[in-house]
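# Architecture at a glance
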Amino acid sequence: MDRVSSFDEPLKKLLGGATAKVMAEHLDLHTVGDLLHHYPRRYEERGKLTALADLPLDEHVTVVAQVADARILMFNNGRGKRLEVTLTDGSGRLQLVFFGHGVHKPHKELLPGRQAMFAGKVSVFNRKMQLAHPTYQLLDVSDADEATEAVDAFAGRLLPIYPACKQLDSWRIAKAVDAVLPSAQDAVDPLPAALREGRGFTPLPEALLKVHRPQTRTDIEDAKARLKWDEAFVLQVALARRRYADTQLPAVARRPVADGLLDAFDAKLPFTLTEGQEKVSKEIFDDLATEHPMHRLLQGEVGSGKTMVALRAMLTVVDAGGQAAMLAPTEVLAQQHHRSITEMMGELAEGGMLGGSDQGTKVVLLTGSMGTAARRQALLDLVTGEAGIVIGTHALIEDKVQFHDLGLVVVDEQHRLGVEQRDALRSKGKQPPHLLVMTATPIPRTVAMTVFGDLETSVLDQLPAGRSPIASHVVPAKDKPHFLARAWERVREEVENGHQAYVVCPRIGDDAEEAEGKKGKAAKKASAKAAEEDPEKRPPLAVLEIADELRKGALAGLSVEVLHGRMHPDEKDDVMRRFAAGDADVLVATTVIEVGVNVPNATAIVIMDADRFGVSQLHQLRGRVGRGSAPGLCLLVSEAHEASPARARLSAVAATLDGFELSRIDLEQRREGDVLGQAQSGVRSSLRMLTVIDDEEVIAAAREEAVATVAADPELEHLPELRTVLAALLDKDREEYLDKG
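Below is a summary of the structure that appears in this document. (Residues numbered from 1 in each chain as written. Predicted model: local features only at pLDDT ≥ 70, side-chain atom pairs only at ≥ 80, totals over all residues. Heavy atoms only, no water.)

## Details of the pattern of salt bridges
Taken as a whole and judged by the stated rule, the model has 36 salt bridges. Of the charged contacts, one joins D189 and R226 as a salt bridge, the two residues approaching to 2.6 Å between their closest N and O atoms. A residue pair is termed long-range when its members are at least 10 positions apart, and D189 in the loop between helix 7 (170-180) and helix 8 (193-198) and R226 in helix 10 (residues 217-248) qualify at 37 residues. Across the pair, exposure class does not vary: D189 and R226 are buried alike. Salt-bridge contacts for R254 lead to D405; the nearest nitrogen and oxygen are separated by 3.1 Å. Here the residue R254 occupies a position in the loop between helix 10 and helix 11 (261-267), and D405 occupies one in the loop between strand 12 (387-392) and strand 13 (406-412), the gap between them amounting to 151 residues. Per residue, the accessibility class of R254 equals that of D405, and both read buried. Each of R486, E489, R490, E493 and E494 takes part in a single network of salt bridges with overlapping partners. (Salt bridge = Lys/Arg side-chain N within 4 Å of Asp/Glu carboxyl O. Helix = DSSP H or I, 4+ residues; strand = E, 2+ residues; numbered from the N terminus. Buried < 20%, exposed > 50% of the residue type's maximum accessible area, 1.4 Å probe, protein only.)

Below you can see the structure in the form of structure tokens.
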């Protein structure tokens, strides 16, 4: 059997169809290699041998003793049975107990006079020490030395506990691993020999043996160090190859033009750019001036001025004769960007129109819900080149949309747009356009290196002058209802001082199922009862209900509007426009206002059921206030218990305005799965041992090594093992995924 094929062997050949089927369906394990990379989650120590006289309560112990007595007792009118076994070791006595179906095997094996080892947790029942359902191993060894050896092996062993499922528990997975463990010798080692030797790593087959069947804690540490490196290195090589391939593609260089649109725009700005904006703009302009497509991630704090930086990049491309497209994830956001960009540009956004500037260009909006005439005009402006800038939703990606000369694609909030969509837009250029990805959620450096590893990163960590501080407080609505009453008073005070406020709820309300007559009423009744017993079980608070309550109660007399995703786009835009103009006092909304919405006069935000949002989402929502000269106020309303993790999360948000710090907390709580989401799908199977939040140094070092490896040998011609492992990791779908990324 060659070195690769034993790893590719289907599990059903070795384990039988039934076990293999469960592993495939419930654990996504299909081959020998998959199972060998299904690492133990933790290890239990059986502990050193303990004399029966010295047993500690509530601890896991291992004892060697002789069965003195074993009997089956009936209970529950004969419907239940339990096996009680009494042990003795000369120093004391101990009782074992087994229940239900678990009595058959020990009843046959644990006969008086038999000697065995037992491991379990010590508890007390009827004032007697006992072990319930212990694991055991019979010691039918005639030779005393062999018996001693067996005792040492059993007692001192580290038991691997595997990630399991209801259909297959850890010990059955351990048994399956035993069956495939000999194949560890055939593992293809992805690390170049010089790197492996230079860092003194354990050979891969040995690391696999040590991780599954460690003799000592040191074995586990050695194995983990090696296996983490493999994951980080292979992933970073895949990303480094993508970056290298991108540098080989042709693109039109878009260099700034003196006295053009950008200069005219800068001249009319009422403020100076921050140092950070200047620095990041320079990085972007340098990339745009090269004949290879820019691939850059622009990330920064809420309100750090990313849109301004992106707009200046777009103006540079227009100056250089190209067009720029900004892709937003929602219509509300596309309309908001279109509005704020045309406002910032003034007459410069009216190129070719009466009263527009000679230097100007047209800025058009393209969304799915536009009227036919407006849409036709927008498409015409794009194909003729009349419009230098287009802002839109995924409607921009449709086949009908043709550009005169697409030079730059700006993608807002990358984690909400599929890579396929990003790719479809990029394919509309005569040559690959430059790409700028903006994310409003600050990302810890390690996540950026792993998820966006094919992009160069620019960070804006400075807030522009004129941004005001935001005070954040948790409002415990259940424990202290008067705090909630005070929250509404504060909203009223802000409005009386000429400002506006947001109220955010997790749900829209008036759900179709709730309106289903009797069925709906019964469901409502049941959920009300559940909510009384446990606030976590009630449905989340809803926009329509809260708005109604506020109009009639705490905020009576104020102008309260609603905004949510089920409204018609024109209606949404109308509400947003009126709120921005100051015609409404309070906007009760879902998270449609989470990103990009900019109303400097809004100073307060009340987030209902705040514990039902993620940390990054709360930080985004809070960023909607404090955008003008007046200080902002963010109130996080929660019914969660004071000692709950949900409340701890809210306290963390209230305690800091640092988005990077919060994104770390978020990642620690949610782990990688949620955070990496779709962005990781190209390498989903690779992160088994590595955790992007804890292994920062490994990822950074692996990235350096990967870049050097790819620079020296872009096709990996001299590293066939690394090529093999990459091919297995990046099957066709995943390879395409990274290609598009």
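Picking up after the structure, the text goes on.
## Remarks on the packing of aromatic side chains
This structure, assessed with the given rule, holds five aromatic pairs. Residues F75 and F99 carry aromatic rings whose centres are separated by 6.4 Å and whose planes lie at 85° to one another, so their mutual orientation is edge-to-face. Here F75 is found in strand 2 (residues 60-75), whereas its partner F99 is found in strand 4 (residues 93-99), with 24 residues between them in sequence. Residue class for F75 comes out partly exposed when judged on its relative accessible area of 33%. Using a relative accessible area of 37% as the deciding quantity, one classes F99 as partly exposed. Judged by centre distance (6.4 Å) and plane angle (80°), the ring pair of F98 and Y136 falls under edge-to-face. One end of the pair, F98, is in strand 4; the other, Y136, is in strand 7 (residues 135-138), with 38 residues separating them in the sequence. As far as the burial class goes, F98 and Y136 line up, both buried. Counting every residue linked through ring pairs, the aromatic cluster contains F98, F118 and Y136. (Phe/Tyr/Trp six-rings, centres within 6.5 Å; stacked < 30°, edge-to-face > 60°.)

## Overview of a nonpolar patch on the surface
Among the surface-exposed residues, L57, V124 and M129 lie close enough to one another that they form a single nonpolar patch of about 240 Å² accessible area. Residue class for M129 comes out partly exposed when judged on its relative accessible area of 32%. (Patch = residues over 30% accessible without salt bridge, like charges linked within 9 Å, V, L, I, M, F, W, Y side chains within 5 Å. Areas by Shrake-Rupley, 256 points an atom, 1.4 Å probe, with all protein chains shown as cover.)

## Regarding the sheet that holds strand 16 (residues 470-476)
The parallel open sheet is built from six strands, whose spatial order is 16-21-20-17-19-18. Edge strands, defined here as strands with exactly one partner in the open sheet, are strand 16 and strand 18 (560-563). Along the sheet, successive strands turn relative to each other by an average axial angle of 20°, direction set aside. Relative to strand 20 (residues 602-607), strand 17 (residues 500-504) is paired through five bridges, and the arrangement is parallel. Across the sheet, A501 pairs through a bridge with A604, a residue of strand 20. Along the sheet face, helix 23 (residues 645-655) touches strand 16 and strand 21 (632-638) and points at about 160° away from the line of strand 16. (Pairing = 2+ DSSP bridges. Axes fitted to C-alpha atoms, helices over the stretch in contact; angles between N-to-C directions. Contact = heavy atoms within 4.5 Å.)

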